[in-house]
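One-letter residues, chain by chain:
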Amino acid sequence: MRTKTVRSTALAGALGLALFLPGSALAQSDSESFRTTLQPLNNSGGSGQAMVDFSGDQATVTVSYEGLAETFQGGPFPHAQHIHIAGRGECPDPSADENGDGVVSTLEGQPSYGPIGTSLTTEGDTSADSALAVERFPGGPSADYERTFTLNQESAESVRNGTGVIVVHGLDPTTLSPEAQEAKSELDPSLPLAATAPALCGALSGSQIGAMPDGGVDTGGGGTAGTEDVRMFAIGGLALAGAAGAGVLAVRRRGEPS
Ligand SMILES: [Cu+2]
């Protein structure tokens, strides 16, 4: 009898809690967020930030940067940008320059950040097939990119397990050694090395929001007793949610550093 009473109280509490939660807090229960600060590679002089927010099977990717090469062959300099995956989840240091031309090329950096998993295009295909679809990438010295799309499974797994790396490509050729200025891109020999070499890099790391943040729920009641009640109701709510609750826990586990 006593058990039943407690359960029904928890149920009422969970329902009440749901009503009290603002919309954003409810949405966070199945969302995950990963972000990084973009650091310059190859002395590009640029800087920026990037973010990957999952909501259900959709991912919203934002990339903002400034200070990159401005023009290329008379037009805005196209800056290809990708989520590189399944490498060491790192950005290369200058020692990755194997041929000693002073530039860490896209392939020389690959042991650190891995191959391309997703092309962060402005429209259309986002697979590795669009790696150099220069007309569908942001161009010019700065950009604020945002796109929501279904991230392919390999990329989503890499982002969640800590091996997702955002790389923005394209160097001002005049900053390179004469040798490197003459070199062709190993990705597309019709392009100069400078066009495809990495300019910004950042390894994504997660801030999981599967659980209720400490003291993050405003019940309007105030006081310690009220907070404890909310936590008890939250536990009841998780238990009642059954499969859904297990889902939340699974999401949190995936995101924890291993
Ligand atoms: Cu790339």
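Our subject is the structure that appears above.
The paragraphs below set out a description of the structure included in this document. For clarity, every value in this text was computed on a predicted model and none was experimentally measured.

Re the pairing of strand β8 (residues 143-150)
Item 1. The alternating pattern of β8 places Ala143, Tyr145, Arg147 and Phe149 on a buried face, while none of Asp144, Glu146, Thr148 and Thr150, on the opposite face, is buried.
Item 2. In terms of strand pairing, strand β3 (residues 58-66) meets β8 through eight bridges, oriented antiparallel. In the strand pairing of β8, Thr60 is matched with Thr148.

Topic: the coordination of the copper ion
Item 1. At the metal site, the copper ion is ligated by His82 (ND1), His84 (NE2) and His169 (NE2), and these contacts range over 1.9 to 2.0 Å.
Item 2. Each donor residue of the copper ion lies on the same chain, and together they follow the pattern H-x1-H-x84-H. One end of the pair, His82, is in strand β6 (residues 81-84); the other, His169, is in strand β9 (residues 165-169), and 87 residues separate them in sequence. Considered together, His82 and His169 belong to a single accessibility category, that of buried residues.

Observations concerning the state of the cysteines
Item 1. Counting across every chain of the model gives one disulfide.
Item 2. The partner cysteine of Cys91 in its disulfide is Cys201, sulfur to sulfur 2.0 Å. Residues Cys91 and Cys201 are joined through a disulfide that is left-handed, its torsion about the S-S bond being -90 degrees. One end of the pair, Cys91, is in the loop between β6 and α3 (110-113); the other, Cys201, is in strand β10 (residues 198-203), with 110 residues separating them in the sequence.
Item 3. Assessed through its relative accessible area of 30%, Cys91 is described here as partly exposed.

As for the pattern of salt bridges
Item 1. Under the criterion given, the structure shown has two salt bridges.
Item 2. Where Glu32 meets Arg160, a salt bridge forms, and the shortest distance between an N and an O atom there is 2.7 Å. Residue Glu32 is located in strand β1 (residues 31-40), and its partner Arg160 is located in helix α4 (residues 153-161); the two are separated by 128 residues in the primary sequence.

Here we look at the environment of His169
Item 1. His169 sits in the buried class, given a relative accessible area of 2%.
Item 2. For the pair His169 and Ala195, spaced 26 residues apart in sequence, the C-alpha separation works out to 7.1 Å.
Item 3. At 3.1 Å, the side chain of His169 forms a polar contact with the side chain of His82.
Item 4. A distance of 2.7 Å separates the side chain of His169 from the backbone oxygen of Thr196, its partner in a polar contact.

Parameters at a glance
- Counting restarts for each chain: residues are numbered from 1 in the order of the written sequence.
- It should be noted that, the model being predicted, local features are given only for residues of pLDDT at least 70 and side-chain atom pairs only at 80 or more, the latter also being counted only at that level, while totals for whole chains, interfaces and linings use all residues.
- Excluded from the side-chain calculations are hydrogens and water; all other atoms, namely the structure's heavy atoms, are used.
- Residue exposure (1.4 Å probe, protein chains only): buried if accessible area is under 20% of the type maximum, exposed if over 50%, otherwise partly exposed.
- Numbering of helices and strands starts at the N terminus; helices are DSSP runs of H or I of at least 4 residues and strands are runs of E of at least 2.
- When DSSP finds at least two bridges between two strands, those strands are taken to pair.
- Only nitrogen, oxygen and sulfur atoms within 2.8 Å of the metal, or 3.2 Å for Na, K and Ca, are treated as donors, and water is left out, so sites may look incomplete.
- Any cysteine sulfur atom paired with another within 2.5 Å is treated as part of a disulfide.
- Salt bridge, as used here, is a side-chain nitrogen of Lys or Arg placed within 4 Å of a carboxyl oxygen of Asp or Glu.
- Two N or O atoms count as a polar contact when they lie within 3.5 Å, although within protein this holds only if one can serve as hydrogen donor and the other as acceptor, and sequence-adjacent residues are included solely when both atoms are side-chain atoms.

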